[in-house]
Amino acid sequence: MRILLVEDEVALAEMVREGLTGEGFAVDVMHNGPDGLWAATEHPYDVVVLDIMLPGMSGYEVSRQLRAREVWTPILMLTAKDGDYDQADALDLGADDYLTKPFSFVVLVARLRALARRGAPARPTVLSAGDLSVDPARRRVTRGDDEISVTSREFALLEFLMRHRGDVVSKTAIIENVWDMNFDGDHNIVEVYVRYLRRKIDLPYGRAAIETVRGSGYRLAADGG
């Protein structure tokens, strides 16, 4: 199994490299973002272990650029930063897993093997349906060349529909994923927000991306309407 380790702390990088080599991994090491990006783009790896705080280019940006270049190698973020937002940012920008320093070497090896088994299926970080696009990392919605301003709740609803484009999703599924499972308000709130979205992404363009499926729920057309 071939691993790329991008870590600017030389002593830590060498310790991890030696440990992984002892476990039978082949390990290449880079100490800054640009070199890591180049290596991950030019050479095939089973997993990229990527620190977030890197000189020259952050791990966030390396991950984003790899996915933008359609390099789908599994990425494990390895960092001293801890917190829900840091983890969410890493995952939104294309990372597959996250491990906070100090970490257990046994856990690192287990996660690397799990990621390698999972493989690297192509999956775009920008969701598209025809000329309608949703970028979860940048929280941007575009229709063609136009950027569309939406609220946080509208964005969450549209992202959920885009991730299930072509499929019918029920109001209950929308409530549980866009609001939460404990929401006890009126489920007709979904209709309200669907109407808000249609006014922004469909009506100005003469399109009908969000379809009402009577008695079942809603479907976002795979071709963008």
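Residues numbered from 1 in each chain as written. Predicted model: local features only at pLDDT ≥ 70, side-chain atom pairs only at ≥ 80, totals over all residues. Heavy atoms only, no water.

Now for the domain arrangement of the chain. Segmentation of the chain into domains returns domain 1 (2-122) and domain 2 (127-220). Computed over C-alpha atoms only, the centres of domain 1 and domain 2 are separated by 33 Å. (Domains from an automatic or database assignment.)

Another point: the side chain of aspartate 51. Looking at the secondary structure, you find aspartate 51 in strand E3 (residues 47-51). In this structure aspartate 51 touches Val6, Glu7, Asp8, Gly59, Leu78, Thr79 and Lys101, once residues within four positions along its chain are discounted. (Helix = DSSP H or I, 4+ residues; strand = E, 2+ residues; numbered from the N terminus. Contact = heavy atoms within 4.5 Å.)

This next bit is on the pattern of salt bridges. Side-chain pairs of opposite charge can arise where the charged atoms are in close proximity. In the structure shown here, the tally under the stated rule is 17 salt bridges. For the salt bridge of aspartate 97 with arginine 111, the shortest nitrogen-to-oxygen distance reads 3.6 Å. You can see aspartate 97 sitting in strand E5 (residues 97-100) and its partner arginine 111 sitting in helix H5 (residues 105-118), a full 14 residues away along the chain. The partly exposed category is assigned to arginine 111, whose relative accessible area is 28%. With a shortest N-O distance of 2.9 Å, glutamate 211 and arginine 219 are connected by a salt bridge. The exposure class of arginine 219 is partly exposed, given its relative accessible area of 28%. Residues participating in the shared-partner salt-bridge network are Glu7, Glu9, Asp51 and Lys101. (Salt bridge = Lys/Arg side-chain N within 4 Å of Asp/Glu carboxyl O. Buried < 20%, exposed > 50% of the residue type's maximum accessible area, 1.4 Å probe, protein only.)

Right, let's talk about the packing of helix H2 (residues 33-42) against helix H3 (residues 59-68) for a bit. For the pair H2 and H3, interaxial distance at closest approach is 10 Å and the crossing angle is 25 degrees. Taken together, H2 and H3 sit at an angle that is classed as roughly parallel. At the point where H2 passes H3, the crossing takes the right-handed sense. Taking contact as the criterion, the partners of Gly33, Leu37, Ala40 and Thr41 in H2 are, on H3, Val62, Gln65 and Leu66. When its residues are assigned to classes, the contact of H2 with H3 shows four nonpolar, three polar and no charged. (Axes fitted to C-alpha atoms, helices over the stretch in contact; angles between N-to-C directions. Parallel < 35°, antiparallel > 145°, perpendicular 65-115°, else oblique. Left-handed = near helix turned anticlockwise from the far one by under 90°. Nonpolar A, V, L, I, M, F, W, Y, C, P; charged D, E, K, R; others polar.)

Once that is clear, we can look at the sheet that holds E5. Spatial strand order, E2-E1-E3-E4-E5: five strands in an open sheet with parallel pairing. Every other strand in the sheet has two partners, leaving strand E2 (26-30) and E5 as the edge strands with one partner each. On average, each strand axis in the sheet is tilted by 20 degrees relative to the strand beside it, whichever way the strands run. In the sheet, strand E1 (residues 2-6) pairs with E3 via four bridges, with the strands oriented parallel. Bridge pairing links leucine 5 to valine 49 in E3. Seen against the sheet, H3 touches E3 and strand E4 (75-79) and runs at an angle of roughly 170 degrees to E4. (Pairing = 2+ DSSP bridges.)

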